[in-house]
Each structure stands twice: as C-alpha cells, then as structure tokens.
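# Remarks on the overall topology
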Amino acid sequence: MPARLAVVAVATVGLLLVSCQREAEPVVPPPEATPPAASSPETPPLNPAVNPALDRRELLTAVAAAASNYAAGASAAAADPLVGRQFDVRLAFGCEGPEAPPADGAAGDGLARWSWGPERQTIRLSLTPGDWTRSALIAGAGQDRWEAVEGFWVARAWMNADGCPSVRADPLASGPAAPSPQTVGLAAVFEAGGSRLGRRNGRAYAHTIRAAGDAGPEAPAGGYRVRLEGRIAAFPDGRAIRCRAANPDQRPVCVAAVQLDRVAFETAGGETLSEWRPG
C-alpha cells in the first residue's frame with residue numbers, strides 16, 4: 001500500500017473510534033405551556049390593603065346610591081359589598097360657634113356641639129346619641145334582633161369634605177335660616193343578649209377643655225371633629241343601608257347599620273382630645 005493511502009486509512013479509523021466513544025446528548029423536550037388559571041368571581045377580600053376604611057365621601061356616595069335605588073324601587077344585588085367594611089368618618093361640628101347642649105334629661109339628638117363653661121373658662125364638647133330603637137327607620141327591621149340602636153347624624157350630607165363649610169350666613173337675610181333636616185345617619189346596633197359595653201343609654205360623650213394658665217381657652221376657628229370608627233353591619237334583609245321617605249317628593253332619610261369601635265373628639269387639625277372604646 002502506498003504511504004499516502006496508509007495515512008488516509010489510519011486517519012479514517014481514528015475518526016470512527018472518536019465518534020463511537022462520544023455519548024449521544026439527550027434531547028430535552030420543550031417546556032409545556034402552563035394553562036391559564038380559571039377565572040373566579042371577584043370577591044374583594046376584607047383587608048385594609050384591598051378595602052380601606054370608608055371615609056365620609058365614600059359613605060355618602062354609598063348612601064346616595066341607596067337613596068336612589070329606594071326612590072326608584074330598584075332591587076339591589078343579593079350580597080351587599082358594604083357589609084363588613086371598616087369605616088372611619090370625621091364629622092365637623094361647632095363651625096358657627098357655641099351651641100347649648102340638650103337640657104339634662106332631654107333625649108339625645110345625635111349631633112355634636114360645643115359650649116362655653118362658667119365665665120368662659122372652659123369649653124365643653126358633647127354628643128348624645130339619639131335613641132333610634134323604636135324609630136320609624138328601624139321599625140320592623142330589627143326589634144327581635146337588636147336590643148338597642150343609638151343614632152348619629154352626618155350633618156351637611158351634601159358636603160363630602162370633612163371640615164367646616166366656607167359658606168357663611170347671608171347678612172341681608174331677615175333672620176337665621178332653619179337648618180335642613182338630617183337625611184344621613186349611622187345607627188350603632190347592639191344585639192339582643194350581647195355585650196352592653198359601648199352603649200350610652202342616653203349618656204353623652206363629653207369632654208372639657210381647660211386652658212393652661214389664667215386665661216380661658218380660645219374659641220376654635222374651624223370648629224371641632226367627632227371621629228367615628230367601626231364596621232358596617234347589616235339589617236335583617238342583608239342590606240347595610242335602609243332608607244325611608246314620607247312621600248315621593250321628599251329626599252329619603254337613610255341610615256347605615258354599624259358596630260362602633262371608637263368615638264373620639266378631635267381638633268380641626270386632627271389632634272385627639274378624648275376617645276372611647278367599648279370594653
């Protein structure tokens with residue numbers, strides 16, 4: 001065999017030996033596509049990150065919708081999304097100055113006010129919840145379930161802001177104008193046989209402000225705030241808000257059933273002056 005052919009033969013044999021010793025690499029199949037998760041009905045979880053506490057604006061928006069449905073005779077959804085939601089509502093009061101509290105023994109009206117103490121040396125804040133247990137709004141909606149219902153009015157329900165209004169009384173008016181009737185309220189409900197902690201039973205939430213030194217306290221420029229916190233409850237029909245009107249040409253009066261966790265008096269700047277918590 002010629003030398004050239006011998007070299008070619010040796011090289012060919014070497015290549016065959018190398019290819020036989022090399023193991024075949026496994027074939028990796030492509031990843032299977034993950035099927036999309038089946039969609040589920042949207043049920044917002046009751047946690048602060050998803051459902052923050054209702055403020056005044058959101059509460060009034062919900063009440064306006066309930067009043068519209070009531071007036072139109074529209075049926076609402078089976079499940080009320082408001083039930084179980086937390087709320088945190090500030091109600092401005094004393095915007096026009098001091099106002100005498102109800103006389104001792106008089107029924108509470110569910111409105112906060114402030115008044116001067118003797119010789120204007122103190123300021124007294126007070127809020128006496130109304131007894132709504134047998135009111136027309138509650139009648140037939142919880143007497144067998146609730147032992148007591150204490151009411152708080154949301155004054156100036158046409159205003160979404162937490163503070164006092166900037167509108168002032170018309171100086172050319174012949175006399176003081178009567179305030180509009182209250183149309184939005186919070187009904188603190190207490191279950192029959194349940195805890196009596198937190199019930200006022202006609203007693204006012206009250207706080208006295210005393211100035212440091214000899215000078216008396218100054219009248220507040222922007223009034224005060226009462227802050228109500230808790231959880232939205234439900235009437236026996238499962239709805240959070242109940243409305244009623246004497247005739248179709250009147251704005252419905254609507255109240256939301258609630259369970260109170262905290263009542264506090266605050267300054268216009270948000271400083272807590274006093275608070276009450278059940279238990």
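Okay, so let's go over this structure. (Residues numbered from 1 in each chain as written. Predicted model: local features only at pLDDT ≥ 70, side-chain atom pairs only at ≥ 80, totals over all residues. Heavy atoms only, no water.)

### Points about the state of the cysteines
For clarity, the cut-off: By definition, disulfides here are pairs of cysteine sulfur atoms that lie within 2.5 Å. In DSSP terms, a helix is any run of H or I states spanning at least four residues, a strand is any run of E spanning at least two, and both are numbered starting from the N terminus. Think of it in three bands: with a 1.4 Å probe and only protein chains considered, a residue is buried below 20% of the maximum accessible area for its type, exposed above 50%, and partly exposed in between.
Within this structure, the stated rule accounts for two disulfides. In this model C95 forms its disulfide with C164; the gap between the sulfur atoms is 2.0 Å. On the S-S bond that ties C95 to C164, the torsion sits near -80 degrees, and the link is left-handed. Linking C95 in the loop between β1 (86-93) and β2 (112-116) with C164 in the loop between β5 (146-153) and β6 (184-191), this pair joins segments that are 69 residues apart in sequence. Residue classification places C164 among the partly exposed residues on the basis of a relative accessible area of 22%. Taken in N- to C-terminal order, the disulfide-linked cysteines of the protein are connected 1-2, 3-4.

### Section: the sheet that holds strand β3 (residues 122-127)
Consider a sheet: its strands pair through backbone hydrogen bonds, and that pairing is either parallel or antiparallel. Rule in force here: Paired strands, in this sense, are two strands between which DSSP finds at least two bridges. The angle between two axes is taken between their N-to-C directions and runs from 0 to 180 degrees, where each axis is a line fitted to C-alpha atoms and a helix contributes only its stretch in contact.
Taken in spatial order, the three strands line up as β2-β3-β7 in an open sheet, and their pairing is antiparallel. Strands at the two margins of the open sheet, each flanked by one partner only, are β2 and β7 (205-210). Within this sheet the neighbouring strands show an average axis-to-axis angle of 20 degrees, counted without direction. Here β2 pairs with β3 via five bridges, running antiparallel. When the sheet's bridge partners are listed, S115 is paired in β3 with R124.

### Thoughts on the packing of aromatic side chains
The condition that has to hold: Ring pairs shown here join Phe, Tyr and Trp side chains whose ring centres sit within 6.5 Å, with only the six-membered ring taken for Trp; geometry is labelled stacked below 30 degrees between planes, edge-to-face above 60, and tilted in between. The criterion for a charge sitting over a ring is simple: Lys NZ or Arg CZ within 6 Å of the ring centre, and within 35 degrees of the ring normal.
Scanning the entire structure with this criterion turns up nine aromatic pairs. With a centroid separation of 5.3 Å and an interplanar angle of 80 degrees, the aromatic rings of W114 and W116 are classed as edge-to-face. Residue W116 is classed as partly exposed on the basis of its relative accessible area of 22%. Taking the centre distance of 5.6 Å and the plane angle of 85 degrees together, the rings of F265 and W276 count as edge-to-face. Of the two residues, F265 sits in strand β10 (residues 253-267) while W276 sits in strand β11 (residues 272-276), which places them 11 residues apart along the sequence. Exposure remark for F265: the relative accessible area of 1% places this residue in the buried category. W276 gets classed as partly exposed once you look at its relative accessible area, which sits at 22%. Each member of the aromatic cluster is reached from another via a ring pair, and the members are F93, W114, W116, F152, Y205, Y224, F265 and W276. We note R120 situated over the ring of W116; from NZ or CZ to the ring centre the distance is 4.1 Å.

### What to know about unusual backbone geometry
You will see that R156, though not glycine, has its phi angle at about 50 degrees, which is positive. On the accessibility criterion, R156 (22% relative accessible area) is partly exposed. In this structure, N201 takes a positive phi of about 55 degrees despite not being glycine. Following the sequence through the fold, N201 ends up in the loop between β6 and β7. Overall, the relative accessible area of 51% leaves N201 in the exposed class.

### A few points about the nonpolar core
Rules: For our purposes a nonpolar core is just a set of buried Ala, Val, Leu, Ile, Met, Phe, Trp, Tyr and Cys residues, chained together by side-chain atoms within 4.5 Å. Working rule for contacts: check all heavy atoms of both residues, and any pair within 4.5 Å makes them a contact.
F87, V226, L228 and I241 are the most contacted members of the largest nonpolar core, which totals 40 residues. Ignoring sequence-local partners within four residues, the contact set of F87 consists of A53, L54, L186, L228, E229, G230, R231, I232, V258, Q259 and L260. W132, I138, W153 and A187 belong to the second largest nonpolar core, which has 12 residues in total.

### Structural notes on the environment of L125
Mapping L125 onto the fold places it in strand β3. Looking at L125, the relative accessible area reads 0%, which means it is buried. Separated by 11 residues in sequence, L125 and W114 have C-alpha atoms that sit 4.4 Å apart. With near-sequence residues (within four places) excluded, L125 lies in contact with F93, R113, W114, Y205, A206, H207, I209, Y224, F265 and L273.

### Focus on the environment of V63
Here V63 is to be found in helix α2 (residues 56-72). Among the residues examined, V63 registers a relative accessible area of 5% and is labelled buried. Remark: the alpha-carbon pair of V63 and V184, spanning 121 residues in sequence, is separated by 7.5 Å. The residues contacting V63, other than those within four sequence positions of it, are V184, I241 and C254.

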